[in-house]
Each structure stands twice: as C-alpha cells, then as structure tokens.
Amino acid sequence: MHTESEHNLLLHALFDENLLQAVLGLCETKQRSCERLEPAYADSRRRLLHMLTPRQRADFDKIERLFRKNMAYALRFGFCEGFTVGINIQAVDAHTLFHAFTETQLLTEPYMQTHTEYYSRRCDILRSFLRMEQALEQQEALQTMRNALENRLHGVLYHAFFLGYQLAREYIALP
C-alpha cells in the first residue's frame, strides 16, 4: 500500500499555522518567562522599527520569518519526539527525557546541525542579529527581542513535546 501522499497531507494538516498559534498561546499563558518577555518584546520591536534603515528592516523581517519557520519545525519535531517517548518509554519522567534528548537535539550544538534546514535558518538568524548589533545603538532592545524569540522557540518545542507525549499515553490507554 502506497500512502506517502496521504501521510504528507495528514502531517501538513496536523502541523498547520493554527496549531502553531495555539501552542504559542499555551506558551504565553503557561510560562512565567513570557509574562515579562512578551511585553518587553513588543516594546523593543516598536522602538527598533522606528530607527531601522531599509537594509536593517529587511534583516529584522528575515529574523522574525526564520524564527517562525523554526518554531513550525520545533512544533513537528517536539510533537513527534513526545509521541515516540510516550509510546515507548513509560517508567521514566518525561520532563527528564525532554531535557536530555529533545531539547538537546534541537537547541544545542553540535546536535542541532543534524537538522540541516533548521540549523541553516539558525545561522541566518545569528548573522542577521550580528549585523544589526554592529549597526545599532539599541543593544538592549535587540537582546530583549532575541531572548523573547528564543523563549518562544523553546516554549513551542516544550509544549509540542508534551502534546505528543500526552496523545501517546491516551492512545495506549484506549480499550
């Protein structure tokens, strides 16, 4: 049986923009770090937009766009990792596994390099941030933005992992 196209259709439908928005909403309501970072992000973004040159604005837009793509990747990766852990491993604390494997795989060197498109976008983001840091006096605002975006990425990965994990545990419990 050939189901590759149906499989891809299912994955595309499951991991769409609506799910990413819902998980980002979870991040904002469940993570204490978001309580201070999100308002600071909005304020920093507003201040920076007024002083950027067209080139810097292009870098700024690129950073946000690439982070969004990496969050979409983290959503799918985290969910699949959580589902796999939920199906295969019952006796270990899921939080420990998240930190030991999933978080390490996607957020630390050299492991993240195995996710080539994700890693390439991370490198582009870093280069864009460096260009902006060299040209702008608003270092604090730029760092606040970077921290908030990294926090969102981590939050998406975390919540996606536990969505997958919980679904797997519920699947196992079905009669």
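Computed from a prediction, not measured in an experiment: that's the story for all the values here.

Is there a simple way to think about the overall build of the protein chain in this case?
Along the backbone of the protein chain there are seven helices and zero strands. Counting from the amino terminus, the protein chain carries its helices and strands in the arrangement α-α-α-α-α-α-α. With the C-alpha coordinates of the protein chain rotated into their principal frame, the extents come out at 60 × 40 × 30 Å. A buried classification covers 38% of the 175 residues belonging to the protein chain. Considering only contacts in the protein chain between residues 6 or more positions apart, those separated by 24 or more positions represent 82%. With 20 positive and 22 negative side-chain charges, the protein chain shows a separation of 4 Å between the mean positions of the two kinds.

Help me understand the pattern of salt bridges, please; the structure alone is not making it clear to me.
Pairing between side chains of opposite charge can happen when the charged atoms of each approach one another. Scanning the model with the defined rule gives 10 salt bridges in all. The salt bridge involving E17 is made with R68; its shortest N-O contact spans 2.1 Å. Of this pair, E17 sits in helix α2 (residues 17–30) while R68 sits in helix α4 (residues 54–88), and the two are 51 residues apart along the sequence. In this structure, the salt-bridge partner of R152 is E38, at a minimum N-O distance of 2.7 Å. You can see R152 sitting in helix α7 (residues 139–173) and its partner E38 sitting in helix α3 (residues 32–49), a full 114 residues away along the chain. Like R152, the residue E38 is buried in the burial classification. Taken together, the salt bridges that share partners define one network made up of D43, R46 and R47.

Any chance you could explain a nonpolar patch on the surface here in plain terms?
A cluster of nonpolar side chains, namely Y171, I172 and L174, defines an oily patch on the protein surface of about 330 Å² accessible area. Summarising the element assignment, Y171 is placed in helix α7. By relative accessible area, Y171 is classed as exposed at 54%.

Mind showing me how you'd approach helix α5 (residues 94–107) here?
Side chains three or four residues apart in an α-helix point the same way, a direct result of the helix having 3.6 residues per turn. When we look at burial in α5, the residues that qualify are A94, L97, F98, T102, E103 and L106. Turning to α5, the residues buried within the fold contact α4, α6 (116–135) and α7.

Just to check I follow, could you spell out the packing of α4 against α6 for this structure?
A pair of packed helices is characterised by two quantities: the angle between their axes and the separation of those axes. The contact between α4 and α6 brings their axes to 9 Å, and the two run at 150°. If you check the angle between α4 and α6, you find them roughly antiparallel. Crossing angle aside, the handedness with which α4 passes α6 is left-handed. Residues R55, Q56, D59, F60, K62, I63, L66, F67, K69, N70 and Y73 of α4 touch α6, and the partners they reach there are Y118, R121, R122, D124, I125, S128, F129, R131, M132 and A135. Looking at the contact of α4 with α6 residue by residue, the classes come out as 10 nonpolar, three polar and eight charged.

Reading guide: rules and limits
- Residues numbered from 1 in each chain as written.
- Predicted model: local features only at pLDDT ≥ 70, side-chain atom pairs only at ≥ 80, totals over all residues.
- Heavy atoms only, no water.
- Helix = DSSP H or I, 4+ residues; strand = E, 2+ residues; numbered from the N terminus.
- Buried < 20%, exposed > 50% of the residue type's maximum accessible area, 1.4 Å probe, protein only.
- Contact = heavy atoms within 4.5 Å.
- Lys, Arg positive; Asp, Glu negative; His and termini not counted.
- Charge placed at Lys NZ, Arg CZ, Asp CG, Glu CD.
- Salt bridge = Lys/Arg side-chain N within 4 Å of Asp/Glu carboxyl O.
- Patch = residues over 30% accessible without salt bridge, like charges linked within 9 Å, V, L, I, M, F, W, Y side chains within 5 Å.
- Areas by Shrake-Rupley, 256 points an atom, 1.4 Å probe, with all protein chains shown as cover.
- Axes fitted to C-alpha atoms, helices over the stretch in contact; angles between N-to-C directions.
- Parallel < 35°, antiparallel > 145°, perpendicular 65-115°, else oblique.
- Left-handed = near helix turned anticlockwise from the far one by under 90°.
- Nonpolar A, V, L, I, M, F, W, Y, C, P; charged D, E, K, R; others polar.

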